[in-house]
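A structural walkthrough
Listed here are the chains, written in short residue letters.
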Amino acid sequence: MSFTEQYDIAVVGAGHAGCEAAVAAARMGLRTALITMNLDLIAQMSCNPAIGGVAKGHLVREIDALGGIMGQVADSVGIQFRLLNTSRGPAVWSPRAQCDKALYRVKMRELLEAQAGLHIRQAEVSGLVIGELTNAAPNQAARRITGLKLRDGRILNARAIIITTGTFLNGLIHCGEERYPAGRSGEPASVLLGEALRALGLRTCRLKTGTPPRLDGRTINWDAFEEQPGDADPTPFSFRTKSIPQRQVSCHIAYTTPRTLEIIRANVHRSAMYSGQIEGVGPRYCPSIEDKIVKFPDKTQHQFFLEPEGLNTHEVYVNGMSTSLPMEVQHEIVRSIPGLEHAEMLRPGYAIEYDSVDATELDHSLRVKSIEGLYLAGQINGTSGYEEAACQGLVAGINAALWLKGSQPFTLGRDEGYTGILIDDLISKGTNEPYRMFTSRAEYRLHLRIDNADRRLTPYGRKLGLVDDAAWAEFEEREIFRMAFGSLLNATKPTADDLRAAGLGDLTSINGLGWAQLLKRPQVSLEPLLPFLLSGLKMQPALHKLAAAVEAGALTSALRNQVRTVETEIKFAGYLEQQRKSIEKMKAAESVEIPTWLDYGIISGLSREMKEKLERVRPATIGQAGRIPGVTPAAVSLIHVSIRIQAAKRAS
Amino acid sequence: MSPVETIAAISTPPGRGGIGIVRLSGRDACPIAGKLVELRAPLAHAHARLAWVLDDSTPPRRIDEAVVTFFSAPNSYTSDDLVEIAAHGSPVVLDLLLRRALGLGARLAQPGEFTERAFLSGRIDLTQAEAVRDLIDAKTLAQARQAASQLGGALSLRVQPVKRALLELIALLEAGIDFAEDDLSVATTEEIARRINGLLPPLEALEKSFAGGRILHDGLTLAIVGRPNAGKSSLFNRLVERERAIVTATPGTTRDLVTERISMDGIPIELVDTAGVREALEEVEKIGIERTHQALADASIVLVVLDATAPLNGDELKLLRAIEGRAALIVRNKCDLPRAASPQPPLPSSLAVVETSALTGGGLTELRAVILKLATGGAAAEPGALTTLRHRDAVRLALAALKKSAEANVQHTPHEMLLLDLHSALEQLDELTGQTSTEDVLNLIFSTFCIGK
């Protein structure tokens, strides 16, 4: 008689995807289990100790706006905050924070343990319990998952399962000529689960990623490096964060020397990447140092960063020096850099290969199309990055919960968030290298800003039950602020004295213009003008907070965020409108659903290759069909017309 | 596919018909129509209105009369707002209407797109729908073929370098945004300006090539005119290389227009044989001669056939006056027979004169060479010239987008906004040479810049 446990939802893996999935499911009222191979390594940052970055910072804001947790945890343990891309426009400003790696685990575990309805279990999953579904409709799931077998003999029954295995699925570490199975350095791989998933017959591929050596900070001569301090006024990830609690520290910028390059060139053949030992495909945006030197032989030096792993450790992460060269070569490379002559390596860099599932097996809710109740999120779907993983975890958790409640799935459009783009890209195109988010993947980038993530997503989060009353009240307050401030700028005009005092007096052509019109001038920005708007601000209760901050001469980053939203939408109204028109066009295509019974096989005029792709992806809408590589606009028209024809034939 | 987009097309077959129709369908159909014509009464659902067709000069001039019919959404063929402008069938007027509509924001309809919209909005039944599907099916094939031929074609060779340079600029700016943490240098305003400005001249030259290149695509018409029995039909048959027109010794045999499409060195030419010009003897011939004058007015090239054995008569002198300043040539036929004295007054020196014998085929080689020279007239000989209105439109929109981004750049507009217009320019060039995907941009970034913090 085996010991069994009963849950609504079980989440396998407690990394960045798993934590979001489990908390979302529990908050939505489902009895949820979170299963990890090691309770002490929940939310481990396997690679660099930082959250955010360009486009990734956008993802974290979105997670937060929807009611996820990554932003709050990162804010509470961030030790160096930088807002990136401020030399460009507000649409691509993106926050990044160096985090205390150990504290991140602690804070996340605290949060998980405080969540009602969430049960954390340490166990290794050794098998999946799958049943056949009778009378399944064509092109619909024919099997259903009902539980997990655990290595300790337990059976864990759950109505929905979310698998988030990261790099653990048949993980294989390479360090020079050495290689051994592992999920992460020092942790075993998930081999049994890998076999169980393989037995499901899902298409898989082999990916690779890498990580750099970690050094002992006490053996580094810090004076040899340029200091990179954080922002004086940190920009938090979460709309809910009021202040940054941790002491702030700096990173340092370093460069390779000609000697470094010599060592690497002489040893490239010993790198696991170049010896042919690795079959997985690595990310081009995160190449190993040996890769950079082989592919860009003309570049005489390469930049890297020395990043603290925490406040209570001397461990230093060498960002930009990911490598799979042998240990002794890594040692030589490190020592070839002035300031690191005596540096001690705490852990070597390594490359890791792992299995991922072809994400075209999934639908927009991250459910495996062929197996009812099974959801996948994170690196298993071919992505890389904590943020990419977390947003998928959140969406998978939400959808598993909605499905159990009998509700419609929750999906985000490409015009609503980077999260929507990421999932749509993955399930429509799959990926043949670890997928990372870039702002250039967003067609409607100008609308997907960090300052309006709440307006885009918080109403959804509220409806789903993920945004609590306090956060919702704050959101509504920000909305009222936005409208009040916008109408103040539209309705009032500066006086000639205002203009002179603001240093705009010589712009005679602006006499008589309202504040909003003034803002459209490229040389005019809003923040320095706030003191001249003081009387107007004081007249509106919704703007009193801003008035007080202006008078005190101290704008908080939260208020600054709100001011920027209003400014951006006035200043770049023309560009925003241009994008809005494209959005409208896209939405029309998105509104035409493709029925699951559609038979691509009998549509003459579609090439065999197109038919195969369409059959595999089974796009939900005409719009999605058009985004599948190789499907031409004419083919999309053909599908559109064929829906009608086949519908009429079915009816008769 | 999107009902919000306004599409436009000439929906009567090319060439001169009694009436030609330009159709507009979509959200902006009414406002655009309102600018194309001067209505005598406001548009109302299912009512025809008289209107003047306006040209694009300022102030606009009335160039033709038209009947404008409006069908309001959803009670129209396409279920969107639909406007039909029926003008006199002159290709020039229809062309102007269509080009102006495109200039006012309409998009050139794909073949079958009006019907497709009608079908998708449930206006037509299944059998008709299957016909539509076949049409799209054919379109798929045609597109594939066209794309294949464009790929290695002269136009593609001409556009590719410009597109590549644009893509490089896009990659430079995108890399700057997405890899802000890497030590890439930020592109300066001057650098961006230099790069955008470098794209303009080749595209402007391409846009100008349209007038000439168009002949290649649409072809041209050549009208053969002259007095009765000068040998027009014999020459026509010689050029067609078969007995197409009826030839007899009786003057005035050809009563109506006889047309045949031929290809000279790959240039499609519509040959039109006409009734001989003289004082008509009866009603049928009179109508035939009126049509001759019409054909003469519409033709891109006029070939006047003179009888080398007879002196010029009054009708011929009138004909010679009518072709002054036009693309024309003169043939002195029947050169196998004893000739009359040199024509009086002398033939205009600006026109090529070819001596032929339709009977023996003498002079035909020279005649073909002269026609070809007139047809290509320099510009069309240019390799990679634009030949379709769709392509011309794409180049024009690409240029407009590039100019907009150049202006914005001077104002130090943030890069992600400049990119909006740069991407839309790229999308337009894609119309000429095939799709560019996000993956292409990323590939270029990763192969150009050493990325990887």
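Now for a quick tour of the structure. (Residues numbered from 1 in each chain as written. Chains lettered and ligands numbered in written order. Predicted model: local features only at pLDDT ≥ 70, side-chain atom pairs only at ≥ 80, totals over all residues. Heavy atoms only, no water.)

1. Here's the deal with the pairing of strand 2 (residues 19-25) of chain B
All names here are of chain B. As a reminder of what qualifies: Buried, partly exposed and exposed residues are distinguished by accessible area as a fraction of the type maximum, computed with a 1.4 Å probe on protein chains only: under 20%, between the cut-offs, and over 50%, respectively. In this description a helix means any DSSP run of H or I spanning at least four residues, a strand means any run of E spanning at least two, and both kinds are numbered starting from the N terminus. In this analysis, strands are considered paired if DSSP registers two or more bridges between them.
For strand 2, the tally of buried residues reaches 5 of 7 residues, placing the bulk of the element in the interior. Pairing analysis gives 4 bridges linking strand 1 (residues 7-10) to strand 2, with the strands arranged antiparallel. Opposite isoleucine 10, over in strand 2, you have valine 22 as the bridge partner. For strand 2 and strand 6 (residues 82-88), the ladder comprises 7 bridges, and the chain directions are antiparallel. Paired with leucine 24 across the two strands is valine 83, which belongs to strand 6.

2. Topic: the nonpolar core
The criterion, for reference: Put simply, a nonpolar core is a bunch of buried Ala, Val, Leu, Ile, Met, Phe, Trp, Tyr and Cys residues held in one set by side-chain atoms that sit within 4.5 Å of each other.
Ile9(A), Ile51(A), Tyr104(A), Leu148(A) and Ile163(A) are the most contacted members of the largest nonpolar core, which has 101 residues in total. Core analysis: the second largest hydrophobic core is formed by 79 residues, Leu576(A), Ala101(B), Leu108(B) and Ile177(B) among them.

3. As for the interface of chain A and chain B
Formally: Note on contacts: a residue pair is in contact if any heavy atoms of the two residues lie within 4.5 Å. A quick way to say it: buried area is the sum, across both parts, of accessible area lost when two parts are put together, with a 1.4 Å probe. A carboxyl oxygen of Asp or Glu within 4 Å of a side-chain nitrogen of Lys or Arg is what we treat as a salt bridge. Residues adjacent in sequence count toward polar contacts only when both atoms are side-chain atoms; beyond that, a polar contact is any pair of N or O atoms within 3.5 Å, and within protein one must be able to donate a hydrogen and the other to accept it.
In this complex, chain A contributes 56 residues to the contact, which on the side of chain B involves 53 residues. Between chain A and chain B, roughly 4,900 Å² of surface is buried when both sides are summed, and carbon and sulfur atoms account for 60% of that area. Looking at the side of chain A facing chain B, the largest losses of area belong to Arg88(A), Arg284(A) and Tyr575(A), adding up to 14% of the total buried there. The closest approach of N and O atoms between Arg445(A) and Glu174(B), which form a salt bridge, is 2.7 Å. Remark: the boundary between chain A and chain B carries 11 residue pairs in polar contact (both at pLDDT 80 or more).

4. Topic: the sheet that holds strand 10 (residues 172-175) of chain A
Residue and element names in this part refer to chain A. Condition: Angular values range over 0 to 180 degrees, each being the angle between N-to-C directions of two axes fitted as lines to C-alpha atoms, with helices fitted over their stretch in contact.
Here 4 strands make up an open sheet; going across it, the order is 11-10-19-12 and the pairing antiparallel. The sheet is open, and its two edges are formed by strand 11 (178-181) and strand 12 (204-211), each paired on a single side. Each strand of the sheet is rotated relative to its neighbour by a mean of 25°, with strand direction disregarded. In the sheet, strand 10 pairs with strand 19 (residues 350-357) via 3 bridges, with the strands oriented antiparallel. Bridge pairing in strand 19 places histidine 174 opposite alanine 351.

5. Let's talk about the side chain of Thr292(B)
For Thr292(B), the position within the fold is in helix 9 (residues 283-298). Filtering out sequence-adjacent residues up to four positions away, Thr292(B) remains in contact with Val225(B), Leu257(B), Thr274(B), Ala275(B) and Val277(B).

6. Observations concerning unusual backbone geometry
Residue and element names in this part refer to chain B. Between threonine 58 and the following residue, proline 59, the backbone shows a cis peptide bond with an omega angle of -10°. Considering the arrangement of structural elements, one finds proline 59 in the loop between strand 4 (47-54) and strand 5 (62-71). Residue proline 74 is reached from alanine 73 by a cis peptide bond, and omega for that bond is 0°. One can find proline 74 in the loop between strand 5 and strand 6. Although it is not a glycine, serine 79 sits at a positive phi angle of roughly 75°. Phi is positive for lysine 334, close to 65°, though the residue is something other than glycine. Structurally, lysine 334 can be placed in the loop between strand 12 (328-333) and strand 13 (352-355).

7. Some thoughts on the packing of aromatic side chains
Residues and elements named next belong to chain A. In plain terms, the rule: Aromatic pairing here means that ring centres of Phe, Tyr or Trp (its six-membered ring) are within 6.5 Å. Orientation follows from the plane angle: under 30 degrees is stacked, over 60 is edge-to-face, and everything else is tilted.
Taken as a whole, this structure holds 9 aromatic pairs over all chains when the rule is applied. With a centroid separation of 5.1 Å and 35° between ring planes, the pair formed by tryptophan 472 and phenylalanine 475 is classed as tilted. Residue tryptophan 472 and its partner phenylalanine 475 are both found in helix 12 (residues 469-491); the two are separated by 3 residues, about one turn of the helix. Its relative accessible area of 18% is what places tryptophan 472 among the buried residues.

8. Digging into the sheet that holds strand 4 of chain B
Residues and elements named next belong to chain B. Read from one edge of the open sheet, 7 strands run 3-4-5-6-2-1-7, paired in mixed fashion. Strands with a single pairing partner mark the edges of an open sheet, and in this sheet they are strand 3 (37-39) and strand 7 (107-108). The pairing of strand 4 with strand 5 spans 8 bridges and is antiparallel. Its bridge partner lying in strand 5, leucine 50 is registered against valine 67.

Worth remembering: the numbers are spatial, not functional.
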